[in-house]
Amino acid sequence: MFLSKFQNIKIKDFIRTLNPLWFMLPALFLMGLWTYWPLIKTVFYSFMEWNMLPSSTPEMVGFENYLRLFDHPDFGKALVNTLWYIIGMLPFAVIIPLILAIVTENMNTKAKNIYRTLFFLPMIMPPVTVAIIWRWLFHPSVGVINQALMGLGLIDQGINFLGSEPTALFSILLIAGWKMIGFSTLMFSAALTGVDKSYYEAADLDRTSKLRQTLTITLPLISPMVIYMIMLSILFTAQWTFVYINVLTLGGPASATTNVYYLMYVYGIKNFNAGMGSAAAILFFVLFGIIAIMINQINKRFAFYDN
Amino acid sequence: MISSIKQIPKHALLILLCAFAIFPLYWMVISSLKPLGEIFTPSMFPSAPTLENYTYAVNNVPIFRLTLNTLIIASVQTVAQLVSAVMAAYALTRWEFKGRGLIFTIFSLTWLVPMQAIMIPNYITITSLGLRNTMLGVILPFTASTFAILSLYSALKSFPKALIEAAVMDKLSEFSILTRIVLPNIKPAMVSLGILLFIHGWNEYLWAMLVNTRIDQAPIQIGLQQFLSLERNEWGALMAAATLSSIPIIALYLALQKMIINSFVKWGIK
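Since this is a predicted model, take the numbers as computed values, not measurements.

Looking at the overall build of chain A
Here is step 1 of the chain: From N to C terminus, chain A includes 15 helices and 2 strands.
Here is step 2 of the chain: Its C-alpha radius of gyration of 26 Å places chain A more than 25% over the 19 Å reference for a compact globule of 307 residues.
Here is step 3 of the chain: In terms of its C-alpha atoms, chain A occupies a principal-axis envelope of roughly 85 × 55 × 30 Å.
Here is step 4 of the chain: The buried share of chain A, reckoned over its 307 residues, is 52%.

Right under this line is the structure:
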């Protein structure tokens, strides 16, 4: 009975029902091969001890790598620094751009476009090029920033921005923020263009002050974008700063600029410790994943959508 | 009159931001043109502009080779990502099928997987394929992009169903429908997304640094970093190399700035 039923289906129809599969096959195959399969292998390696040499074989150690992470002196430092990076990114990715976008909203298009073209430029710059430029700007004795500060009489002797403890993390953050600020302003401007102008006309009739209008009309209406930019900062700041850390400070001085993504790289690639590197990677993949889901829920529940 | 006075603080604010955005790039170019005797002074213009830094940089870093490598890597990646994405996005919007939601989730979730979480296995794979220090080794892990799939999904969702149904009546194969009916109509979206993917490809760093450091195969970011580690204090030459490395991408930006800005606004970033 089964066979006859099977024969009734024309082969052509059968192939057609698989149409979606054929079209998705390249993307599914490539993502399976280069993202999901390696992710599974990373989970596997996180329970192994292995120095990545072809001559050695991975050895099962259970949760040892995860436990060792918490004992590692740099781990806590990387965690705290990551938090500082995220908090420090918020002014560049959210607060300043939000103010700029609101203030410039009613400017004429021509002026707006010129400003946009210019302040967006950092976003497209290659990161190593950016690192080299800022290394020169931050030069401890002859860098233009130090020369300007000395010229203004604010300091007597050059600050070693990237080489001393309190300033290094801030300097890395400033570089990443410099890249981000134009992009964020643009995203908020785009969100503002979508706001229905009749709300403001009604508010003007009620003689509501401009500040109050911003707080009670503008902000709620663009809250989805605000939450989206906050989410981007939380999830990706530690990844965005990676290249500057690797080119400029190597995590130093004394782990002052390291973060969780840089730590994964140090464990896995520099120290040939596949187990520790993988354990850190899985730990933070799960952690950031949970954060992303939580923000998504917050967005669904609290963000205000104008229908 | 009153309204233009009111505008002054706004413009001042924006000019300040522009200065913050542009000054580092200005300083890069100016420093690269300064002769050795002037490089350590904070002069805003070089008194006697010279190209000696550029000669030094070009003689010590194969800038043109590196730029060509980057161009090849970024272009091949972009084309592969666009092709795999448009096919997947077409399938997801064309048919209602079992497991569609699941597959959508599978695609979306990769957005959360950072390179650092998969670099060790991929590094081992590329090494065992003998592809270390080749452009292909840099390209392969970036041949499919979630970002591209989701972007094209939203572009195709609003594609008029009537056009596709008319093509089905004409007995066109699904592949022909995609290439002859759909693609010509979403060309603007494909181009603007392609530009973004190209910029991402051009600026990719971590993966290239891991698998490809041989100067005749490496992208320019890697060559630049090697030059930095060799010539830590040749500031003029470093600035010249930095300038040369960013000229192609800045030229692309200035030529298509409106389009590039709009595509960033439309698609966001990875």
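A closer look at the overall build of chain B
Here is step 1 of the chain: A count of helical and extended segments in chain B gives 14 helices and 0 strands.
Here is step 2 of the chain: The order of helices and strands in chain B, counted from the N terminus, is α-α-α-α-α-α-α-α-α-α-α-α-α-α.
Here is step 3 of the chain: Taken against the 2.2 N^0.38 rule, which gives 18 Å for 270 residues, the C-alpha radius of gyration of chain B at 23 Å runs more than 25% over that of a compact globule.
Here is step 4 of the chain: With the C-alpha coordinates of chain B rotated into their principal frame, the extents come out at 75 × 70 × 30 Å.
Here is step 5 of the chain: Buried positions account for 53% of the 270 residues belonging to chain B.
Here is step 6 of the chain: Excluding contacts between residues fewer than 6 apart, the proportion of contacts in chain B whose partners are at least 24 apart in sequence is 69%.
Here is step 7 of the chain: Accessible surface, chain B: about 11900 Å² in total, of which carbon and sulfur atoms supply 69%.

Regarding the packing of aromatic side chains
All names here are of chain A.
Here is step 1 of the chain: Counted by the stated rule, this structure contains 28 aromatic pairs over all chains.
Here is step 2 of the chain: Judged by centre distance (5.2 Å) and plane angle (75 degrees), the rings of Phe70 and Phe75 are edge-to-face.
Here is step 3 of the chain: Exposure remark for Phe75: the relative accessible area of 4% places this residue in the buried category.
Here is step 4 of the chain: Joined through ring pairs, the aromatic side chains of Phe70, Phe75, Tyr261, Phe284 and Phe288 make up one cluster.

Describing the domain arrangement of chain B
All names here are of chain B.
Here is step 1 of the chain: Domain annotation of chain B identifies domain 1 (1-50) and domain 2 (66-267).
Here is step 2 of the chain: Computed over C-alpha atoms, the centres of domain 1 and domain 2 are 33 Å apart.
Here is step 3 of the chain: Counting residues at the interface gives 6 residues for domain 1 and 7 residues for domain 2.
Here is step 4 of the chain: A combined buried area of about 530 Å² lies between domain 1 and domain 2, and 81% of that area is made up of carbon and sulfur atoms.
Here is step 5 of the chain: The largest share of the area that domain 1 buries against domain 2 comes from Met28, Ser32 and Ile39, three residues that together contribute 69% of it.
Here is step 6 of the chain: At the junction of domain 1 and domain 2, the tally comes to 0 salt bridges.
Here is step 7 of the chain: Our enumeration of links across domain 1 and domain 2 arrives at 0 residue pairs in polar contact (both at pLDDT 80 or more).

Topic: the pattern of salt bridges
All names here are of chain A.
Here is step 1 of the chain: Applying the stated rule across the entire model yields 5 salt bridges over all chains.
Here is step 2 of the chain: When the shortest N-O distance is used, the salt bridge between Arg68 and Glu49 registers 3.0 Å. Here Arg68 is found in helix α4 (residues 64-71), whereas its partner Glu49 is found in strand β1 (residues 48-49), with 19 residues between them in sequence.
Here is step 3 of the chain: Here Arg68 falls in the partly exposed class, since its relative accessible area comes to 28%.
Here is step 4 of the chain: Overall, Glu49 belongs to the partly exposed group, its relative accessible area being 40%.

Concerning the environment of Val182(B)
Residues and elements named next belong to chain B.
Here is step 1 of the chain: Along the chain, Val182 falls in helix α9 (residues 174-185).
Here is step 2 of the chain: As for Val182 and Leu163, which are separated by 19 residues in sequence, their C-alpha atoms are 8.6 Å apart.
Here is step 3 of the chain: If we ignore the near neighbours within four places in the chain, the residues touching Val182 are Tyr90, Leu156, Phe159, Ile164 and Ile177.

Comments concerning the packing of helix α4 (residues 100-109) of chain B against helix α7 (residues 146-157) of chain B
Residues and elements named next belong to chain B.
Here is step 1 of the chain: For the pair α4 and α7, interaxial distance at closest approach is 9 Å and the crossing angle is 135 degrees. Classified by the interaxial angle, the pair formed by α4 and α7 is oblique. Residues Arg100, Phe104, Phe107 and Ser108 of α4 pack against Thr146, Ile149, Leu150 and Tyr153 of α7.
Here is step 2 of the chain: Class assignment of the residues belonging to the contact of α4 with α7 gives a composition of 5 nonpolar, 2 polar and 1 charged.

Remarks on the interface of chain B and chain A
Here is step 1 of the chain: Taken together, the contacts link 90 residues of chain B with 82 residues of chain A.
Here is step 2 of the chain: Between chain B and chain A, roughly 8100 Å² of surface is buried when both sides are summed, and carbon and sulfur atoms account for 80% of that area.
Here is step 3 of the chain: The interface formed by chain B and chain A includes 0 salt bridges.
Here is step 4 of the chain: For the pair chain B and chain A, the number of links is 15 residue pairs in polar contact (both at pLDDT 80 or more).

Focus: a positive patch on the surface
Here is step 1 of the chain: A cluster of like positive charges, contributed by Lys10(A), Lys12(A), Arg16(A) and Lys171(B), occupies part of the molecular surface.
Here is step 2 of the chain: Relative accessible area serves as the criterion here: at 59%, Lys10(A) is assigned to the exposed category.

Conventions used here
Residues numbered from 1 in each chain as written. Chains lettered and ligands numbered in written order. Predicted model: local features only at pLDDT ≥ 70, side-chain atom pairs only at ≥ 80, totals over all residues. Heavy atoms only, no water. Helix = DSSP H or I, 4+ residues; strand = E, 2+ residues; numbered from the N terminus. Rg over C-alpha atoms; globule rule 2.2 N^0.38 Å. Buried < 20%, exposed > 50% of the residue type's maximum accessible area, 1.4 Å probe, protein only. Contact = heavy atoms within 4.5 Å. Areas by Shrake-Rupley, 256 points an atom, 1.4 Å probe, with all protein chains shown as cover. Phe/Tyr/Trp six-rings, centres within 6.5 Å; stacked < 30°, edge-to-face > 60°. Domains from an automatic or database assignment. Buried area = accessible area lost by both parts, 1.4 Å probe. Salt bridge = Lys/Arg side-chain N within 4 Å of Asp/Glu carboxyl O. Polar contact = N/O pair within 3.5 Å; in protein donor to acceptor, adjacent residues only side chain to side chain. Axes fitted to C-alpha atoms, helices over the stretch in contact; angles between N-to-C directions. Parallel < 35°, antiparallel > 145°, perpendicular 65-115°, else oblique. Nonpolar A, V, L, I, M, F, W, Y, C, P; charged D, E, K, R; others polar. Patch = residues over 30% accessible without salt bridge, like charges linked within 9 Å, V, L, I, M, F, W, Y side chains within 5 Å. Lys, Arg positive; Asp, Glu negative; His and termini not counted. Charge placed at Lys NZ, Arg CZ, Asp CG, Glu CD.

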